[in-house]
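Observations on the three-dimensional arrangement
Below are the chains, spelled out letter by letter.
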Amino acid sequence: MADGERTAFGDLLRPIADPPVRPDLISLSASATAAASAAVDPPHGSRSEADRLGASLKELADADARIVFVGDPGRTDPGLALPGNAVRTAKYSFLTFIPRNLFEQFRRLAYVYFLAIAVLNQLPQLAVFGRGASVLPLAFVLLVTAVKDAYEDWRRHRSDLVENGRAAPVLDPAGSGQFRPRRWKDLRVGEVIKVLADESIPCDMVLLATSDPTGVAYVQTINLDGESNLKTRYAKQETMSRLPSITAGSVTTLIRCETPNRNIYGFHANLEVDGKRVSLGASNIILRGCELKNTAWAIGVAVYTGNETKVMLNSSGATSKRSRLETHMNRETLLLSAILITLCSAVSICNGIWLAIHRDELELSQYFRKRDYSGGDEKYYNYYGIAMQVFFIFLMAVIVFQIMIPISLYISMELVRLGQAYFMIRDKNLYDESSNSRFQCRALNINEDLGQIRYVFSDKTGTLTENKMVFQCASIRGIDYSEGKDPSPNGSDVYCVVVGDQFWRPKMLVKTDPKLVRLLRSEGETQEGKHARDFFLALAACNTIVPLIVGTPDPKQKLIDYQGESPDEQALVYAAAAYGIHSPLIVLGILGGRCCQIKIKIRRAKYTYICRITDRGDCVLCMLGCALPCQCSTSHGIGFAFKTQDFWPFLSHSYCLCYRLQLLSSTLTASGFIACCMSTLTHIYGRNIFTCTPGICRFNVLGLHEFDSDRKRMSVIIGCPDRTVRLFVKGADSSMFGVLEKSIDLDIIRATETNLHAYSSVGLRTLVVGMRELSRNDFEEWQSTYEKASTALYGRGSLLRAVASSVENNLQILGASGIEDKLQQGVPEAIESLRQAGIRVWVLTGDKQETAISIGYSCKLLTSEMTHIVINSNSEASCRKSLEDAIAISSKFVTISSRAQNTITGSGSARVPLALIIDGTSLVHILETELEEKLFKIATVCDVVLCCRVAPLQKAGIVALIKKRTEDMTLAIGDGANDVSMIQMADVGIGISGQEGRQAVMASDFAMGQFRFLVPLLLVHGHWNYQRIAYMILYNFYRNAVFVFIMFWYVLYTAYTLTTAITEWSSVLYSVLYSALPTVVVGILDKDLSRRTLLEYPKLYGNGQREESYNLKLFILTMMDAIWQSLVVFFIPYMAYRDTTVDGSSLGDLWTLAVVTLVNIHLAMDVFRWNWITHLSIWGSIAVAVMCVILIDSMWFLPGYWAIYHIMKTGLFWLCLLGIFAAGMIPRFTMKALAEYFMLNDIQISRELEKFGNFNDFTGTEISMSTFSQTHPGFIR
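Residues numbered from 1 in each chain as written. Predicted model: local features only at pLDDT ≥ 70, side-chain atom pairs only at ≥ 80, totals over all residues. Heavy atoms only, no water.

**Things to note about the sheet that holds strand S1 (residues 65-69)**
Definition in use: One bridge is not enough; two strands pair if DSSP finds at least two bridges between them. Here a strand is any run of E in DSSP of at least two residues, a helix any run of H or I of at least four, and the numbering for each starts at the N terminus. Simply put, an axis is a line fit to the C-alpha atoms, just over the touching stretch for a helix, and the angle between two N-to-C directions goes from 0 to 180 degrees.
Read from one edge to the other, the open sheet built from four strands follows the order S1-S8-S9-S10, with strand pairing classed as antiparallel. The sheet is open, and its two edges are formed by S1 and strand S10 (276-280), each paired on a single side. Taken over all neighbouring pairs, the strand axes of this sheet differ in orientation by 20 degrees on average, direction set aside. Relative to strand S8 (residues 253-258), S1 is paired through five bridges, and the arrangement is antiparallel.

This is the structure we're talking about:
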């Protein structure tokens, strides 16, 4: 702005920025001090909201703070008490691996049980098995788990070595001003470190300076919080201007910061430079794990290192949850324990009775007593009296029958879940091509819960919708501009710029309303045109967008990609660019280097701009229509331009237009880019011609108040070319209409409200835009209060919010925007499939009610047959009344529907479908009060629940409403940080890899790319996982029970002495080797129904919801079957060989082979899908059992030497085996036949149809009956 044009108010219009540091400051030469001192201050409010939220609530005392002397690590940590920068993610060391790993494994109580059994077996009085054999099962399980843990930890050690060995430039403490490389692990608190572009941050550092002249640095925090968008961080003016003196030690600089904590969004500290204290916040610190982007270099001082960095303090594993089946398994485990105690008690009591009866005969029993004839004294052994003998027999029975509770089940379940997770991850139907993301299993212990879900709680934005916002329409001063047209395919009407031989255009093309385009082009100086221009200026200015240039397959074309934390902001900035507010400014901002000459022209225009960026960082644009080429000189720099004959005829007169574009503090943000040429775009002969109004058009960003959840608004203060200061505000209608000046423009406000309702009704997201012109007194008052609030050492966050609220009032309405958040592909079909599967889908969203209802209809969550019950109340009393009315109305509808159904069809009742729609204000008065029960009653009656304007904690409260009052399984799915509490509250949490970062994914049990993947995940994989795990648990109980009961029957014939015919090694290998592998293979690969069938008939999912594959009834039947088969296996050989000379060891081998073969045949009968792996595992296990028995009996030092060879050569051996198989499987086969022919369920019918029938032959036609809601549609309020 020329000096002569300044008024007394003009000094206030300068942008406030931190002093720049020139590139030659990288070497920290003292000559940079003068250049740095000439810079200006950063815009007010440029700090992020996280800074405000993380502001101090109390002043830091020295005792509660860490004091860091900049550039002096020795003084900062003289006793080396602070940790180094080496990090360790590994859990174990060479010395601690064995004790710590064993400690972690024995946190499973089952392992403690088996350890106690093994210890008891070591006692001479209780020894049943060999001491080594008794320890082998537990040792095997512990060894397998330890090897797995060791491999995982070895990978962590290897990663730690790579991470700690990386190098970073550190300032030489000798005062040379040079940076020398040092390994990350050797960095110390207080050292000054330099980070280059695209490098990772080695520790938590407070910024001192950056390569950007305004002190801004851009970091990507994807490794910290999962967000891929760039975030801005700032160096303070005091350190930017005094950096050489600080690093040279001539100026004492210290940072007093809070002690290390896990809050990555807050930082409480203050900086003392030369006696002056300045506050620091989250916008002044860059954290370890982030990457420096779009910034050549940044210099900072280490404040937290190593394990005290925030990323390390926040490092934790996936959420640990227990599955429903595993919880139910505890019930069966207790029952098995009761059976075990019963068996042991029976054996011990019978043994006591036998001892009492045969007391006089024990003299001849060498098992109990022996007479020492050599010395004449009796010596007793293995006998301590009847009472102690009964006690010992009980403990010995526990040891013998220990496998009644299968230790192998736990490791088998882990292996099966791991295999299931592998196939879910590799499933192409769960792969999202758009984001190139696969399905993720972050919690392996709840796979089977996916098959039992009854309630799905879903976010809307980014979960049901794409969260890729597209600007659709605008209401400007009450006039609706919703006739947008798509850009032409050839791009003839798209605004582009040419840099050299490259064309640059916005990455996303936006619909433009022809009427609005004409208004901006030809009527720009009218009142309507000015309002439209102010509207789009507000959209372009009021944001935190970072534009980047990305390449395309065409080397001559580049795309301008607007990155930001909010997709809504991206859509609004793209809209401003589509209407011409971005050019040529974006190009200049991105190429904001020094002394570089750039050739820029509007595509298809016949003229060219040449700009030169001066040493001061100013951009000068000149267009001269009198000479070719020519040069014009201004007080701000030199500009060059060319004139062409094609352009000359359109100039009404000849003059020189000079434009000075100041590179502001947020150089790469759209806010900083508002230093643009306000211009009109004229369509001439099919070409976009950029014409300019004479004079300097410079917009200074003077202040910025970012969005926060309390205000629900964002504002920016702009110094305009006409020497006025304007406040532009955008926000939610609920917060904006309360701060509008309603004494004027009342008709415009009402018209805008009408347009807003229309936009919301078609599912558009809306924002209201307002403006206020600030007087000199207003601006000075705001500037003073803002300075005080931003430098406050405590209460900074609330003070800044108060400053924003004080200035954001008496606004003049500019208009409103309508942004479409398109539904994701397949969402309506997915919701319909889930509904057919008996799963209730509730949507919990922060959007306004009209938008949520519209989206509900679009995704078929709401249907025309449903009657809506709407609860919008502002007090507890009104909420109580609304809930009571809703309960009464729902009961009435159920009664009417039942009568109508019985009258028409004579069949059972069918109620009218109901939908409950409730807002967050009502939930404030309902949740955690006695009204919760009423809400639960009405919500569970309704088919659909739609909660609008809800806060994150209210989402979790709705999930808890169902979870705490029912046994139904709940699933929550969302994509944003506001969904984390809901995801963690639900039984199963699923994160969507969307546009709002990865916080939801990081907190979830499973993660995927699209909502529609929920259908194959639940209906296919969930069904398979539940059916497999349920069968595997019952089968493991069955196979071990058969073996235990065989030994029990044998004990009854051996005077209850707990001697066993089955060798101890066969007992050990039975559950580990002979029968374990087939259950794992079947648990991973078996499929009772095909994917096609499960997707075509969603009601088949009800099998898991009704717990048909695992329940107490099935457990009892399984135990009865196990008892029968044990009787068959024991008594057929016993009766066959009782009068022969075959010994116990031979019978034991027969029993071993019979039970192993029988349980594997039992498993084979239940297999649905055979493949070579299943065949190999089942029949191979039988073969392995035979070989092991032969091998054991071939060892002369083991009992039963050569026994198997004696019994296998007889024909009776093979006849007994055939008889056992036939008699043992008869009940099982009979029950399966009866069930499949006379007690059919949906699974069996579908399986028969798959095997023998044609689906089309069995598909009937459904007749849709009219319901009460069809004839009486509407809303009930």
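The discussion continues.
**Here we look at a nonpolar patch on the surface**
Note the cut-off: By definition, no residue in a patch forms a salt bridge, and every one has over 30% relative accessible area; like charges are joined within 9 Å, nonpolar side chains (Val, Leu, Ile, Met, Phe, Trp, Tyr) within 5 Å. For the area figures, the Shrake-Rupley method with a 1.4 Å probe applies, and any residue is considered shielded solely by the protein chains shown. Salt bridge, as used here, is a side-chain nitrogen of Lys or Arg placed within 4 Å of a carboxyl oxygen of Asp or Glu.
Residues Leu335, Leu1112, Ile1116, Leu1117 and Met1120 make up a contiguous nonpolar surface patch of about 420 Å² in total accessible area. With four residues, the top contributor of residues to the nonpolar patch is helix H34 (residues 1112-1137). With respect to the helices, strands and loops of the structure, Leu1117 is situated in helix H34.

**Comments concerning the UniProt feature "binding site: Mg(2+)" (unreviewed entry) in the protein chain**
Inclusion rule: UniProt positions are given in the numbering used here, feature names are shortened, and annotations may be inferred rather than shown by experiment. Only protein chains enter the accessibility calculation, which uses a 1.4 Å probe; a residue is then buried when its area is under 20% of its type maximum, exposed when over 50%, and partly exposed in between. In protein, a polar contact means a hydrogen-donor-capable atom and an acceptor-capable atom, both N or O and within 3.5 Å, with residues adjacent in sequence counting only if both atoms are side-chain atoms; elsewhere, any N or O pair within 3.5 Å suffices.
Mapped onto the present numbering, the UniProt feature "binding site: Mg(2+)" (unreviewed entry) falls at Asp459, Thr461, Asp975 and Asp979. These annotated residues cover 521 residues of sequence, and their C-alpha atoms all fall within 10.7 Å of one another, placing them together at a single site. Judged by its relative accessible area of 7%, Thr461 is buried. A polar side-chain atom of Thr461 sits 3.4 Å from a polar atom in the side chain of Lys460. You can see Asp975 is positioned in the loop between strand S41 (969-974) and helix H27 (980-985). Classification of Asp975 by relative accessible area gives buried; the value is 0%.

**Side note on the packing of aromatic side chains**
To be explicit about the condition: Side-chain rings of Phe, Tyr and Trp (the six-membered ring for Trp) are treated as a pair once their centres are within 6.5 Å; stacked means planes under 30 degrees apart, edge-to-face means over 60, and tilted covers the remaining angles.
Here the structure, examined in full by the defined rule, presents 34 aromatic pairs. Geometrically, the ring pair formed by Phe779 and Trp782 is tilted, given 5.7 Å between the ring centres and 35 degrees between the ring planes. Of this pair, Phe779 and Trp782 both sit in helix H19 (residues 776-790), three residues apart, which is roughly one turn of the helix. The residues Phe779 and Trp782 share a single accessibility class, namely buried. With a centroid separation of 4.8 Å and an interplanar angle of 45 degrees, the aromatic rings of Tyr1053 and Tyr1134 are classed as tilted. A residue pair is termed long-range when its members are at least 10 positions apart, and Tyr1053 in the loop between helix H29 (1014-1051) and helix H30 (1064-1074) and Tyr1134 in helix H34 qualify at 81 residues.

**Quick notes on the sheet that holds strand S33 (residues 713-719)**
The strand order across the open sheet formed by seven strands is S19-S18-S36-S35-S34-S33-S32, and the pairing between neighbours is antiparallel. Sheet topology places strand S19 (479-481) and strand S32 (700-705) at the edges, where each strand pairs with a single neighbour. In this sheet, neighbouring strand axes are inclined to one another by 25 degrees on average, regardless of whether the strands run parallel or antiparallel. The pairing of strand S18 (residues 465-476) with S19 spans three bridges and is antiparallel. In the strand pairing of S19, Ile476 is matched with Ile479.

**Topic: the side chain of His705**
Within the secondary structure, His705 sits in strand S32. Residue classification places His705 among the buried residues on the basis of a relative accessible area of 1%.

**Here we look at the pairing of S41**
Along any regular strand, the residues point their side chains to alternate faces of the sheet. Condition: Place the viewer so that the strands point away; then a crossover is right-handed whenever the path from the first strand over the helix to the second strand goes clockwise.
In terms of burial, S41 is largely enclosed, as six of its six residues are buried. Burial along S41 is two-sided: Met969, Leu971 and Ile973 and Thr970, Ala972 and Gly974, pointing in opposite directions, are all buried. Relative to S41, strand S17 (residues 453-458) runs parallel, the two being bridged by five bridges. Among the inter-strand pairings, Ser458 is bridged to a residue of S41, identified as Ile973. Direction of pairing for S41 relative to strand S42 (residues 988-992): parallel, over a ladder of four bridges. Each bridged residue has a counterpart across the sheet, and for Gly974 the counterpart in S42 is Gly991. In this fold, S41 hands off to H27, which returns the chain to S42; that crossover is right-handed.

**Some words on unusual backbone geometry**
Phi at Arg477 takes a positive value of approximately 55 degrees, unusual for a residue other than glycine. Position of Arg477 relative to the elements: it lies in the loop between S18 and S19. Positive phi, normally seen in glycine, also occurs at Lys712, with a value near 60 degrees. Tracing the sequence through the fold places Lys712 in the loop between S32 and S33.

**Remarks on helix H22 (residues 849-858)**
Working note: α-helix, 3.6 residues per turn, so residues spaced by three or four point in the same direction. With seven of ten residues buried, H22 is to be regarded as a mostly interior element. Turning to H22, its buried residues number three or more, namely Gln849, Thr851, Ala852, Ile853, Ser854, Ile855 and Gly856. Immediately downstream of H22, the backbone of Lys860 shows phi near 65 degrees, a positive value.

**Side note on the packing of H29 against H30**
To characterise two packed helices, one gives the angle between the axes of the helices and the distance between these axes. Put simply, the rule is: Should an angle lie under 35 degrees it is considered roughly parallel, over 145 roughly antiparallel, and from 65 to 115 roughly perpendicular; all remaining angles are considered oblique. Whether a crossing is left-handed or right-handed is set by the direction in which the near helix is turned from the far one by less than a right angle, anticlockwise for left-handed and clockwise for right-handed. Whether two residues are in contact is decided by their heavy atoms: any pair within 4.5 Å suffices. Just so you know the grouping, Ala, Val, Leu, Ile, Met, Phe, Trp, Tyr, Cys and Pro go in nonpolar, Asp, Glu, Lys and Arg go in charged, and all remaining residues, Gly too, go in polar.
Contact pair H29 / H30: the axes reach a minimum separation of 10 Å and the direction vectors enclose 165 degrees. Between H29 and H30, the angle falls in the class roughly antiparallel. As for how H29 packs across H30, the hand of that crossing is right-handed. Where H29 abuts H30, its residues Arg1039, Asn1040, Phe1043 and Met1047 lie against Ser1066, Ser1067, Tyr1070 and Ser1071. Residues that form the contact of H29 with H30 fall into these classes: three nonpolar, four polar and one charged.

**Some details on the confidence of the model for the protein chain**
Filter applied, for reference: Confidence of the predictor in every single residue is expressed as pLDDT, which spans 0 to 100.
Counting all residues, the mean pLDDT for the protein chain is 76, and 77% of those residues have values of 70 or more. When mean pLDDT is taken per element in the protein chain, S17 scores highest with 95 and strand S30 (residues 679-684) scores lowest with 27. Taken as a whole, residues 1-58 scores under 50 in pLDDT and shows 165 contacts with residues more than four places along the chain or in a different chain.

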